[in-house]
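Per-entry structural report
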Amino acid sequence: MWKPAHPARTATFVVVAVVFVAAAWVPLPYYSEGPGPARDVLSRISYAGDRPRYDPSGSLQLTTVRYRQLTPLSALVAWLD
């Protein structure tokens, strides 16, 4: 019958692998803030009436903020950033 050469080392590896997978997938009750997408909103502006209209030559960007729920691994990465 076959016996592993180092059962303590194998058990330690399995425990570390399970903790690492749990740290990557278990959500925490914390969120991180980051830059969200910027979208052009000039196409959504409508003009009413017969007043003179001056078309813009540039763009008007609406910036947003993105919130992400953290896992222990992503919290560590965000803290180091």
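Structure: see above.
One structure accompanies this document, and this report is about it.

Calculation rules
- Residues numbered from 1 in each chain as written.
- Predicted model: local features only at pLDDT ≥ 70, side-chain atom pairs only at ≥ 80, totals over all residues.
- Heavy atoms only, no water.
- Helix = DSSP H or I, 4+ residues; strand = E, 2+ residues; numbered from the N terminus.
- Rg over C-alpha atoms; globule rule 2.2 N^0.38 Å.
- Buried < 20%, exposed > 50% of the residue type's maximum accessible area, 1.4 Å probe, protein only.
- Contact = heavy atoms within 4.5 Å.
- Areas by Shrake-Rupley, 256 points an atom, 1.4 Å probe, with all protein chains shown as cover.
- Expected span 1.5 Å × (residues − 1).

Topic: the overall build of the chain
- A count of helical and extended segments in the chain gives 2 helices and 2 strands.
- Relative to the compact-globule value of 12 Å for 81 residues, the chain shows a C-alpha radius of gyration of 26 Å, a clear excess of over 25%.
- With respect to the three principal axes, the spread of C-alpha positions in the chain is 90 × 25 × 20 Å.
- Relative to its 81 residues, the chain shows a buried fraction of 7%.
- Residue pairs in contact within the chain that sit at least 24 positions apart in sequence constitute 74% of those at least 6 positions apart.
- Surface accessibility of the chain: about 7700 Å² in total, with carbon and sulfur atoms responsible for 63%.

A word on helix H1 (residues 7–25)
- In a regular helix each residue adds 1.5 Å, so 19 residues correspond to 27 Å; H1 covers 27 Å between its end C-alpha atoms and thus fits that length.
- Summarising burial for H1: 1 of the 19 residues are buried, a small minority.

Description of the side chain of Ser-32
- Along the chain, the position of Ser-32 falls in strand S1 (residues 31–40).
- What makes Ser-32 buried here is its relative accessible area of 13%.
- Filtering out sequence-adjacent residues up to four positions away, Ser-32 remains in contact with Arg-66, Tyr-67, Arg-68 and Leu-70.

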